[in-house]
Amino acid sequence: MISKRLDPTRRLVLAVAIAGPILAVAQRALAKADRLRVLRLAAARQALVGRGRPETAVWAYNGSVPGPELRFRQGERLKIEVENALGAGTTVHWHGVRLPNAMDGVPHLTQPPIEANGGRFTYEFDLPDAGTYWYHPHLGSSEQVGRGLYGALIVEEAAPPAVDRDLAWVLSDWRLDREARITEDFGSFMDASHAGRIGNTVTLNGAIRESFDVRAGERIRLRLINASNARIYGLRFEGHALWVIALDGHPVEPHRPEGGRVVLGPAMRADLLLDATGAPGASYAVVDDFYPRLAYRVLDLRYADERFRAGRAGTPPPVLAPNPLSEPELARAGRHLIEFGGGMMGGGMMGEGMMGRGMMGQMPGMATMRGMAWTVNGKTMRDGGHDHEPILKLGLGRPYVLELVNDTQWHHPIHLHGHVFRVITRDRKPTRHREWLDTVLLPPRTRAEVAFVADNPGNWMLHCHVLEHQASGMMAVVRIA
């Protein structure tokens, strides 16, 4: 089930000087580790819906969807050259990674777009935090991600927990016709002003899966990544009690998912421990029922006939080592209110420039996306535009609390680049786990308080990760200087 991997960079750090043959071996290892890796964006074809069915024309990194699974160790340095063989400009954003601003992959804000038909750009930065992350374009994101440009970035702990398998499930959905072709209605105003582009076909690691093979007695570290444009997943593993050990890459007190369901908005991740406690030869469904009327079976956990005798299932869940994050001092934190507005049924959305003109423009929700549908503190920003006047200017090294208010009828996963924040309240009630996140899901008409230290200088994007909402205005800049 693991997608194609790109060999991880390995950096060898020598604590003491050594000589002779040992030093020669170390130098060869270091030279190999520092070799430049390449991600190439190009058109490809992939069997998303199964053998014997038509292949789908996709856009892919290194010829596959998802792109190569990149694995590193905490503290290593990522160095990757991106080659753009598409007919459109692009960038790569390394979602959730605390990196230098110049490496963040936001067009016209942190870098020029990587030019079409042969443009190149090299990303290079250290990886301070262990965890589950992912990469994707940040230019024309709705279409480029919707055509398949995304991949997993895994940063392993220096001392990973003992499990029998460690693997990633990259979940995505597609809007396909009966011939498995991607429908070309990117940028529709109906999607932009409602829930976003939700597809009719869900894939796991680039294909529809009927089953996933397990062995009774084994413990699996399952890294879930939601790479969909807009779909929210609510996964139930029937017959199994899971442990949540990390969210958005960062350790959390091991706990059972609330209500037995793992909820992931777009761009969010969860590290689970799946203990295979089912009966040999049995099958158990994994069901997504976030949208109750559209519940479906993702796949079955299919047990082998023989038990795995040496498996670790049933042992106490490990507590992961914390990442080196600065704890915000709430007593001296600056406080700011950020309100997200607009959308169909949002009240006041139908302002000048928010609907197309002509016959289709006269029908709410039926126009093509010519204008802006969403606001951040009453303002809009066009995806890929050049208007980068920040909505907040924060002092470097200071703690802040942001009160994020969803004043709309739709869900919004709100992502802050370059930083990680603690979620301290939801609807003014303290959170149980005070989890560190980079993307917080705000249900309709709710609010959350998040706290962080503004310790990474630069102009950083703050936006909704429903990519059609981002493209139609729900995007802003936070300046830290």
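Residues numbered from 1 in each chain as written. Predicted model: local features only at pLDDT ≥ 70, side-chain atom pairs only at ≥ 80, totals over all residues. Heavy atoms only, no water.

A. Expanded view of the overall build of the protein. Along the backbone of the protein there are four helices and 34 strands. Of all 481 residues assigned to the protein, the portion counted as buried reaches 58%. Sequence-distant contacts in the protein: of pairs separated by 6 or more residues, those separated by 24 or more amount to 77%. Taken as a whole, the protein presents about 19,700 Å² of accessible surface, with 52% of it coming from carbon and sulfur. (Helix = DSSP H or I, 4+ residues; strand = E, 2+ residues; numbered from the N terminus. Buried < 20%, exposed > 50% of the residue type's maximum accessible area, 1.4 Å probe, protein only. Contact = heavy atoms within 4.5 Å. Areas by Shrake-Rupley, 256 points an atom, 1.4 Å probe, with all protein chains shown as cover.)

B. View of unusual backbone geometry. Residue proline 66 is reached from valine 65 by a cis peptide bond, and omega for that bond is -5°. Positive phi is not limited to glycine here, since histidine 108 has a value of about 70°. Inspection of the secondary structure puts histidine 108 in the loop between strand S6 (93-95) and strand S7 (119-126). Owing to a relative accessible area of 32%, histidine 108 belongs among the partly exposed residues under this scheme. In the Ramachandran plot, arginine 428 falls in the positive-phi region, its phi being about 70° despite a non-glycine side chain.

C. Fine view of the sheet that holds strand S24 (residues 392-394). Ordered by their spatial adjacency, five strands build an open sheet running S24-S34-S32-S26-S30, and the pairing between neighbours is mixed. Each having just a single partner strand, S24 and strand S30 (439-442) make up the two edges of the open sheet. Adjacent strand axes in the sheet meet at a mean angle of 20°, parallel and antiparallel pairs treated alike. As paired strands, strand S32 (residues 458-464) and strand S34 (residues 475-480) are joined by six bridges and run antiparallel to one another. Note that in S34 the partner of histidine 463 across the bridge is methionine 475. (Pairing = 2+ DSSP bridges. Axes fitted to C-alpha atoms, helices over the stretch in contact; angles between N-to-C directions.)

D. Representation of the pattern of salt bridges. Counting across every chain of the model gives 41 salt bridges. Here aspartate 126 makes a salt bridge to arginine 77, at a shortest N to O gap of 3.0 Å. Separated by 49 residues along the polypeptide, aspartate 126 in strand S7 and arginine 77 in strand S5 (residues 77-84) bring together distant segments of the chain. For the salt bridge of arginine 447 with glutamate 403, the shortest nitrogen-to-oxygen distance reads 2.7 Å. Here arginine 447, found in strand S31 (residues 447-453), pairs with glutamate 403, found in strand S25 (residues 399-406); they are 44 residues apart in sequence, far enough to count as distant. Residues joined in a network through salt bridges with shared partners are Glu69, Arg71, Arg73, Glu156, Glu157, Asp166, Arg221, Arg223 and Asp271. (Salt bridge = Lys/Arg side-chain N within 4 Å of Asp/Glu carboxyl O.)

E. Main features of the packing of aromatic side chains. Applying the stated criterion across every chain, the model contains ten aromatic pairs. Three or more aromatic residues joined by ring pairs form one cluster here, namely Tyr61, Trp94, Phe121, Tyr123, Phe125 and Tyr135. Arginine 215 extends its terminal NZ or CZ atom over the ring of phenylalanine 308, reaching a point 4.0 Å from the ring centre. A cation over a ring is seen here: arginine 256 above tryptophan 243, with NZ or CZ 3.8 Å from the ring centre. (Phe/Tyr/Trp six-rings, centres within 6.5 Å; stacked < 30°, edge-to-face > 60°. Lys NZ or Arg CZ within 6 Å of the ring centre and 35° of its normal.)

F. Local environment of the confidence of the model for the protein. Confidence in the prediction for the protein averages 88 pLDDT; 86% of positions are at 70 or higher. Scored below 50 in pLDDT, residues 347-370 makes 47 contacts in the model with residues more than four places away or belonging to other chains. (pLDDT = per-residue confidence, 0-100.)

G. Molecular detail of the pairing of strand S20 (residues 296-303). Sheet topology note: the strand S12 (residues 211-214)/S20 ladder contains four bridges and is parallel. Looking at the pairing, aspartate 213 lines up with arginine 302 of S20. With six bridges connecting them, strand S19 (residues 283-288) and S20 associate as antiparallel partners. Residue pairing across strands places valine 287 opposite arginine 297, the latter belonging to S20.

H. Highlighting the pairing of strand S10 (residues 165-174). Along S10, eight of the ten residues are buried, which leaves the element largely enclosed by surrounding structure. The pairing of S10 with strand S13 (residues 219-226) spans seven bridges and is classified as parallel. Bridged to valine 170 within S13 is isoleucine 225. In terms of strand pairing, S10 meets strand S11 (residues 201-204) through four bridges, oriented antiparallel. Among the inter-strand pairings, tryptophan 174 is bridged to a residue of S11, identified as threonine 201.

I. Focus on the sheet that holds S19. Judged by pairing direction, the sheet is mixed, and its five strands sit side by side in the order S12-S20-S19-S14-S17 without closing on themselves. With one partner strand each, in any of the chains shown, S12 and strand S17 (262-264) form the two edges of the open sheet. For this sheet the average axis-to-axis angle between neighbouring strands, irrespective of direction, equals 25°. As defined by bridge partners, strand S14 (residues 233-237) adjoins S19 across three bridges and the pair is classed as antiparallel. Bridging across to S19, leucine 235 finds its partner in aspartate 288.

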